[in-house]
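The primary structure of each chain is shown beneath.
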Amino acid sequence: MSSTCNNLFGFEQYNGQCEFFGEGPTVLPEGLGWFILVGLGAVFACVPTCLIWLDRRFGNFGADSESFATAGRSIRAGLTACDIVAKWTWAATLLQSTNVAWQYGVAGPFWYAAGATVQVLLFAILAVEIKRKAPTIHTFLEIIRCRWGTTAHVVFTCYGFMTNIIVTAMLILGGAAVMEALTGVSVYAASFLIPAGVVIYTAVGGLKGTVVAEWLNVSVIYIVMLIFMFQVYATNPDLGSIATVYQRLSIVSIKYPVADNMGGSYMTMFSKSGIIFGIINIIGNFGTVFVDQSYWQGAIAAKPSATYRGYLLGGLCWFAIPFTFATTMGLGARALDLPITVSEANKGLVPPALAVHLMGQGGAFLMTLQLFMAVTATACAEQMAVATIVAYDIYKPYINKNADGRLMVKLQRITIVIYALVSGCVAVILLKLQVSLNWVYMFMGIVIGSAVFPIAASLTWAKCSATAACVSAVMTTPLSVMTWLIVAAKLNNGELSLQTTGQDYPMLAGNLVALFLSMILCIILSYIFPQDFDWAELRNIPVLDSDPNADPNNFDGDDSPQALNKVVRFTWVTSGILTLVLLILWPCLALPAMVFSQGYFTFWVMIAMIWGIVASAVCIMLPVIEASDLVAAVLRGKRLASNSSAHSSVQGAKASGGAAGGAGPGAAAPTMPVSTASGAGAPAGVEGGAGANGGANGTADGAAVAVTVDGTVRPRKSKRTGRAVMSTLLCLQLPTSRNARS
């Protein structure tokens with residue numbers, strides 16, 4: 001700000017104040033901060049837990065390992081879209097997007113939103129391919145192990161863990177900084193309490209618990225966003241209209257012009273720094289989507305038809321959060337000439353500053369609540385992602401190959417608790433090193449970007465080989481780090497520090513090398529050392545407990561394999577067109593406007609407001625509409641009858657049982673492979689086998705179903721032995737004489 005630190009618009013409370021959050025008392029009492037972290041954390045842990053209990057009591061949600069790790073592979077499009085919005089709404093989404101709006105003007109929110117939306121839109125392609133080619137997987141690393149072997153599996157497991165740690169660290173860094181600034185709660189205490197608040201419902205409900213909680217969190221995030229939006233552009237007396245914001249931004253740009261923006265204006269897409277940030281944002285976020293297990297498990301949990309619908313819809317709805325929120329908060333803070341320092345902005349304190357000015361303690365509470373919802377929504381997804389990798393990619397293949405479903409669930413729950421503590425420790429270390437949220441956000445693509453293309457190729461390109469994938473990723477990462485450091489040293493006379501390495505050009509150079517050199521190497525090496533992979537092999541990846549939704553042949557209509565084969569082209573075309581629109585067409589159409597006129601600025605802000613309202617309505621209402629049958633069942637107090645084709649065709653072998661053993665050759669076996677853990681006997685439907693988790697020696701004690709000689713499946717109604725049940729069913733089914741039956 002200026003040397004005298006006087007406000008341009010006569011807000012006398014800021015005269016002589018050169019920083020917004022100084023050494024004085026905090027806006028909110030410290031007790032309220034502890035209540036948000038502990039009290040609200042407990043409340044929002046109980047609500048999803050109760051919803052999961054209702055789903056188990058009145059719906060079709062199971063309690064076996066497949067339900068815990070994959071949510072029964074039955075999540076619908078609306079909840080899938082909410083899942084995407086929640087896990088992509090980090091602390092950085094709210095804080096860093098507003099920071100770039102405060103720094104670069106309208107270009108900042110656009111490039112943040114567009115640069116991080118295209119990855120989700122393109123991931124919709126992989127989401128469809130998962131259901132077509134690998135419907136039984138629990139993690140993307142299982143695909144790599146099945147296709148490329150142990151070495152590649154270990155390499156990309158390291159990249160997966162690295163991604164989870166970076167994402168979790170960013171969540172906690174932003175959340176803890178805001179909690180300390182607004183309430184005075186120790187940043188170190190907040191670093192442990194933020195991830196601890198989601199442990200309960202994640203450990204109890206598994207992946208379904210995280211998805212349900214995410215809908216609740218997303219609803220709060222959108223509602224708070226709309227409150228601030230109408231405050232800035234409609235109701236608040238200090239701003240209250242688009243015209244007022246425009247006029248004040250014009251005044252601010254005269255006294256504090258933006259370097260490298262056309263005319264120094266905040267209202268132009270001609271922004272050199274904005275474009276550089278956009279490129280870094282695009283490249284870095286490919287890594288945090290394609291290498292993050294949480295996005296893969298969202299696709300795994302979805303119904304087949306909900307994959308492309310949910311990811312395309314989720315990407316478009318998420319666009320509104322950084323675009324609408326940052327256009328509101330970042331430009332609003334500039335239009336009021338609030339005394340925010342660059343250091344405060346890099347910590348993510350622009351939105352809290354504006355919230356305090358607009359609504360006082362109420363605004364501070366809303367901002368804290370919104371940020372808490374954003375952080376916990378993503379934290380639970382990251383905890384579940386790490387737990388699933390530990391169970392299915394470390395423990396099961398390398399430590400205990402005979403682990404059954406019950407043991408795997410127990411291990412995942414333990415891992416969730418441990419990772420919550422580990423993530424808090426990582427955040428404390430970064431805080432001690434004085435690493436800012438902005439630095440970590442720009443840096444992430446340098447270390448994980450080289451894994452993007454090999455991982456995407458594992459499910460889309462049959463010729464990509466293990467040699468090409470491993471060499472391209474492992475060689476490129478150190479080269480990208482070297483490029484980043486060399487450019488930083490060259491531009492700063494050999495000085496290497498957090499400040500010099502966090503500059504735009506070093507970050508840009510490192511990110512470019514990470515993504516594109518890896519891609520080029522992988523393509524070249526795949527033609528030198530090609531692999532002709534048969535996609536059918538991915539269907540041999542086993543499930544631990546029988547899951548009818550893991551077999552594509554159990555679905556019909558929009559969820560059938562035939563329908564998915566038809567929508568693959570649609571998904572490619574739609575994702576490609578939307579990517580071109582966001583990254584090329586929209587910016588090109590905005591460039592002729594040069595520095596925005598008041599009319600064009602009004603048009604721009606109206607698009608942001610309408611997009612935010614529509615996205616809020618979709619994410620809040622669509623999951624409720626889709627779950628109307630379950631809501632009705634709860635109100636009636638009666639269990640919901642299963643109407644999915646998958647459940648109706650094979651309703652068997654849940655947590656405590658397997659498909660009935662001893663059924664003989666006539667029994668119909670599911671097409672999905674079932675892992676035969678210790679004591680499980682042969683797979684379901686094989687003569688003498690007990691099925692997954694069934695009894696040994698061909699018995700079916702504890703089995704949930706019985707199989708008749710004509711291949712139909714009937715629920716078991718008593719605790720009689722498998723032989724007695726089979727004898728009874730044989731007598732009922734055979735249309736023969738009394739002597740033949742006897």
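These numbers come from a predicted model, not from an experiment.

### Notes on the overall build of the protein chain
Counting its secondary structure elements, the protein chain contains 27 helices and two strands. Sorting the 742 residues of the protein chain into buried and exposed places 61% on the buried side. Long-range contacts, defined as pairs at least 24 residues apart, comprise 81% of the intrachain contacts of the protein chain with a sequence gap of at least 6. When the accessible surface of the protein chain is split by element, carbon and sulfur atoms take 65% of a total near 26,900 Å².

### Notes on the pattern of salt bridges
Summed over all chains, the structure comprises six salt bridges. Lys 303 serves as the salt-bridge partner of Asp 559, at 3.5 Å between the closest nitrogen and oxygen. Highlighted residues: Asp 559 in the loop between helix 21 (504-528) and helix 22 (561-590) and Lys 303 in the loop between helix 12 (293-301) and helix 13 (304-335), separated in sequence by 256 residues. Looking at Asp 559, the relative accessible area reads 10%, which means it is buried. The exposure class assigned to Lys 303 is partly exposed, which follows from its relative accessible area of 23%. The shortest N-O distance in the salt bridge between Asp 558 and Arg 309 comes to 3.0 Å. Taken together, the residues Asp 558 in the loop between helix 21 and helix 22 and Arg 309 in helix 13 connect sequence positions 249 residues apart. For Asp 558, a relative accessible area of 46% puts it in the partly exposed group.

### Quick word on the layout of surface pockets
Empty space within the largest pocket amounts to approximately 1,300 Å³. As for the largest pocket, its lining consists of 43 residues, and the residues nearest its centre are Ser 343, Glu 344, Asn 346, Lys 347 and Ser 436. Taken together, the elements giving at least two residues each to the lining of the largest pocket come down to helix 4 (91-104), helix 7 (150-183), helix 8 (187-196), helix 14 (342-346), helix 17 (437-448) and helix 20 (498-501). Of the residues that constitute the lining of the largest pocket, the class distribution is 22 nonpolar, 15 polar and six charged.

### What about unusual backbone geometry?
Positive phi values are uncommon outside glycine, yet Asp 337 reaches one of about 55°. Relative to the assigned elements, Asp 337 resides in the loop between helix 13 and helix 14. Even without being a glycine, Asn 493 presents a positive backbone phi close to 55°. Along the chain, the position of Asn 493 falls in the loop between helix 19 (466-491) and helix 20.

### What about the packing of aromatic side chains?
Counted under the stated rule, the structure contains 37 aromatic pairs. Relative to Trp 611, the ring of Trp 586 lies with its centre 6.0 Å away and its plane at 25°, an arrangement referred to as stacked. With Trp 586 in helix 22 and Trp 611 in helix 23 (residues 598-626), this pair connects stretches of sequence that are 25 residues apart. For Trp 586, a relative accessible area of 15% corresponds to the buried category. Among the aromatic residues, those joined into a cluster by ring pairs are Phe 110, Trp 111, Phe 319, Phe 323, Trp 586, Phe 596, Tyr 600, Phe 603, Trp 604 and Trp 611. A cation over an aromatic ring shows up here: Lys 133 above the ring of Trp 535, its NZ or CZ 3.9 Å from the ring centre. For Arg 145, the ring lying beneath its charged end belongs to Tyr 398, and the centroid distance is 5.6 Å.

### What to know about the nonpolar core
With 188 residues, the main nonpolar core has Trp 90, Phe 156, Tyr 222 and Phe 601 as its most contacted residues. Per-element tally for this core: the top contributor is helix 15 (residues 350-399), with 19 residues. Not counting chain neighbours up to four residues away, the residues in contact with Trp 90 comprise Val 167, Met 170, Leu 171, Asn 285, Thr 288, Tyr 295, Ala 374, Thr 378, Tyr 441 and Met 444. Counting residues in each nonpolar core, the second largest holds 14 residues, with Ile 75, Ala 203, Val 211 and Ala 387 among its members.

### Focus: the packing of helix 19 against helix 21
In the contact formed by helix 19 and helix 21, the axes pass within 8 Å of each other and the chain directions differ by 155°. Taken as axis vectors, helix 19 and helix 21 run roughly antiparallel relative to one another. Between helix 19 and helix 21 the crossing geometry is right-handed. Here the residues of the contact of helix 19 with helix 21 are counted per class, giving 19 nonpolar, seven polar and no charged.

### As for a nonpolar patch on the surface
On the surface, a cluster of nonpolar side chains totalling about 300 Å² of accessible area is made up of Ile 275, Ile 279, Leu 512 and Phe 516. For the nonpolar patch, the elements supplying multiple residues, two or more each, are helix 11 (272-290) and helix 21. Inspection of the secondary structure assignment puts Phe 516 in helix 21. Classification of Phe 516 as partly exposed rests on a relative accessible area of 40%.

### Some remarks on the packing of helix 17 against helix 21
The geometry of helix 17 relative to helix 21 is characterised by a closest axis approach of 7 Å and an angle of 30° between their N-to-C directions. Here helix 17 is positioned roughly parallel relative to helix 21, judged by the angle of their axes. Taken together, the residues of helix 21 that come into contact with helix 17 (itself represented by Trp 439, Met 442, Phe 443, Gly 445 and Ile 446) are Asp 504, Met 507, Gly 510, Asn 511 and Ala 514. Partitioned by chemical class, the residues of the contact of helix 17 with helix 21 number six nonpolar, three polar and one charged.

### Focus: the confidence of the model for the protein chain
Averaged over all residues, the pLDDT of the protein chain equals 82, while 84% of them reach at least 70. Mean pLDDT in the protein chain bottoms out at helix 27 (residues 738-741), which sits at 36, and peaks at helix 6 (residues 140-148), which reaches 95. Predicted confidence is poor over residues 643-671, with pLDDT under 50, and the contacts of this stretch with residues over four places away or in other chains come to 83 contacts. Of the regions scoring below 50 in pLDDT, residues 676-742 engages in 122 contacts with residues more than four places distant in sequence or in other chains.

### A word on the environment of Phe 228
Its location among the elements puts Phe 228 in helix 9 (residues 199-235). In this structure the C-alpha to C-alpha distance between Phe 228 and Met 359, which are 131 residues apart in sequence, comes to 9.2 Å. Excluding residues that lie within four positions of it along the chain, Phe 228 makes contacts with Phe 325, Thr 328, Met 329, Ala 355, Met 359, Gly 363, Leu 366 and Met 367.

### Quick word on helix 22
Look at helix 22: 42 Å from first C-alpha to last across 30 residues, which is about the 44 Å you get at 1.5 Å a residue. At Val 581, helix 22 shows its largest kink, close to 45°. Taken residue by residue, helix 22 has Ala 563, Leu 564, Val 567, Val 568, Thr 571, Thr 574, Ser 575, Thr 579, Leu 582, Trp 586, Pro 587 and Ala 590 as its buried positions. The inward-facing, buried residues of helix 22 abut helix 5 (107-133), helix 13 and helix 23.

### Observations regarding the environment of Gln 383
One can find Gln 383 in helix 15. Look at Gln 383 and you get buried, because its relative accessible area is 2%. Distance in space between the C-alpha atoms of Gln 383 and Ser 423 is 9.3 Å, their sequence separation being 40 residues. Ignoring any residue separated from it by four or fewer positions in sequence, one finds Gln 383 in contact with Pro 195, Val 198, Val 199, Thr 202, Ile 416, Tyr 419 and Ala 420.

Calculation notes
Residues numbered from 1 in each chain as written. Predicted model: local features only at pLDDT ≥ 70, side-chain atom pairs only at ≥ 80, totals over all residues. Heavy atoms only, no water. Helix = DSSP H or I, 4+ residues; strand = E, 2+ residues; numbered from the N terminus. Buried < 20%, exposed > 50% of the residue type's maximum accessible area, 1.4 Å probe, protein only. Contact = heavy atoms within 4.5 Å. Areas by Shrake-Rupley, 256 points an atom, 1.4 Å probe, with all protein chains shown as cover. Salt bridge = Lys/Arg side-chain N within 4 Å of Asp/Glu carboxyl O. 1 Å grid on protein atoms, 1.4 Å probe; cavity = no way out; pocket = protein on both sides within 12 Å on 5 of 7 lines; lining within 4 Å. Points joined across faces, edges and corners; volume = space filled by probe spheres on them. Nonpolar A, V, L, I, M, F, W, Y, C, P; charged D, E, K, R; others polar. Phe/Tyr/Trp six-rings, centres within 6.5 Å; stacked < 30°, edge-to-face > 60°. Lys NZ or Arg CZ within 6 Å of the ring centre and 35° of its normal. Core = buried A, V, L, I, M, F, W, Y, C linked by side-chain atoms within 4.5 Å. Axes fitted to C-alpha atoms, helices over the stretch in contact; angles between N-to-C directions. Parallel < 35°, antiparallel > 145°, perpendicular 65-115°, else oblique. Left-handed = near helix turned anticlockwise from the far one by under 90°. Patch = residues over 30% accessible without salt bridge, like charges linked within 9 Å, V, L, I, M, F, W, Y side chains within 5 Å. pLDDT = per-residue confidence, 0-100. Expected span 1.5 Å × (residues − 1). Bend = angle between axes of the 7 residues up to and from the residue.

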